[in-house]
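Per-entry structural report
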Amino acid sequence: IELCDCPFATREDGTSAPASGGGGNRLILDLWGAASPDPAAPELPEGTYWMDYSQSPGTCHGQFTLLEHFDPNGNLCPLSFWNASVKVEREGDGYTLHFSGEDTLNEQIVCDYSGPIVFDAATAADGNKAVRPASAGGSTPGKPDRSRYVVLAGARFRLPGAVGR
């Protein structure tokens, strides 16, 4: 799942960045949950996903969960973080996702999203990867095949004050 605070577009070099060419933020989550009970209606299981490298249900894989900050000139400023978790809640057709982590200076990083998440039923029978659905392209370091991501705009970010300086 990709959370962003502005539209992203693929550049000529194959990377993606804010479509405006200016600033923006993107959080790429590699969430591992139990397979959906109904493969025809995939869903994201509620609960807290903790940063881990095990690919077990209830984890957020640390190697492929990335936070990218683009400064006002469109330059990528990757942010390292640790001690992170993602809380997922569901009400009706809507979800609330709350990401919380700490940067290398122990400053809080937060990203929130509330709204619908639509999954591609064809990906639901994918074992624990029921939370890896379809969306539009681009590329990401370490994870070049983004063809099965869900991209959700409208996320709200709170980043440390020194970001981009």
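Below, the structure is looked at part by part. (Residues numbered from 1 in each chain as written. Predicted model: local features only at pLDDT ≥ 70, side-chain atom pairs only at ≥ 80, totals over all residues. Heavy atoms only, no water.)

Re the overall build of the protein chain
Quick note on the threshold: Each helix corresponds to a stretch of at least 4 residues labelled H or I by DSSP, and each strand to a stretch of at least 2 residues labelled E; elements are numbered beginning at the N terminus. A 1.4 Å probe rolled over the protein chains alone gives each residue an accessible area, and that area as a share of the maximum for its type sets the label: buried under 20%, exposed over 50%, partly exposed in between. Only heavy atoms matter for contacts: two residues are in contact if any of them lie within 4.5 Å across the pair. Here, Shrake-Rupley sampling with a 1.4 Å probe gives the accessible areas, and only protein chains in the shown set may cover a residue.
Along its length, the protein chain carries 0 helices and 14 strands. Each helix and strand of the protein chain, ordered N terminal to C terminal, gives the series β-β-β-β-β-β-β-β-β-β-β-β-β-β. With 165 residues in all, the protein chain has 45% of them scored as buried. A fraction of 56% describes how many contacts in the protein chain between residues 6 or more apart in sequence connect residues 24 or more apart. Total accessible area on the protein chain stands at roughly 8000 Å², and carbon and sulfur atoms take up 51% of it.

Describing the pattern of salt bridges
Here is the rule we go by: A pair is scored as a salt bridge if a Lys or Arg side-chain nitrogen falls within 4 Å of a carboxyl oxygen belonging to Asp or Glu.
Within this structure, the stated rule accounts for 4 salt bridges. Of the charged contacts, one joins Glu2 and Arg26 as a salt bridge, the two residues approaching to 3.8 Å between their closest N and O atoms. With Glu2 in strand 1 (residues 2–4) and Arg26 in strand 4 (residues 24–28), this residue pair connects regions lying 24 residues apart in the sequence. Glu2 sits in the buried class, given a relative accessible area of 1%. Residue class for Arg26 comes out buried when judged on its relative accessible area of 1%. When the shortest N-O distance is used, the salt bridge between Arg26 and Glu68 registers 2.5 Å. Taken as a pair, Arg26 in strand 4 and Glu68 in strand 8 (residues 66–70) lie far apart in primary sequence, 42 residues in all.

Focus on the nonpolar core
Stated formally: Joining through side-chain atoms within 4.5 Å is the link that ties buried Ala, Val, Leu, Ile, Met, Phe, Trp, Tyr and Cys residues into a set, and such a set is a nonpolar core.
By size, the foremost hydrophobic cluster in this structure holds 27 residues, and its most contacted members are Leu3, Leu29, Leu44, Leu97, Phe99 and Ile117. The set of elements that each furnish at least two residues to this core consists of strand 10 (81–91), strand 11 (94–103) and strand 12 (108–116). In terms of residue count, the dominant contributor to this core is strand 10 (4 residues). The residues contacting Leu97, other than those within four sequence positions of it, are Ile1, Leu3, Leu29, Leu44, Lys87, Val88, Cys111, Asp112, Tyr113 and Ile117. Ranked by size, the runner-up nonpolar core spans 5 residues in total, among them Cys4, Cys6, Phe8 and Ala17.

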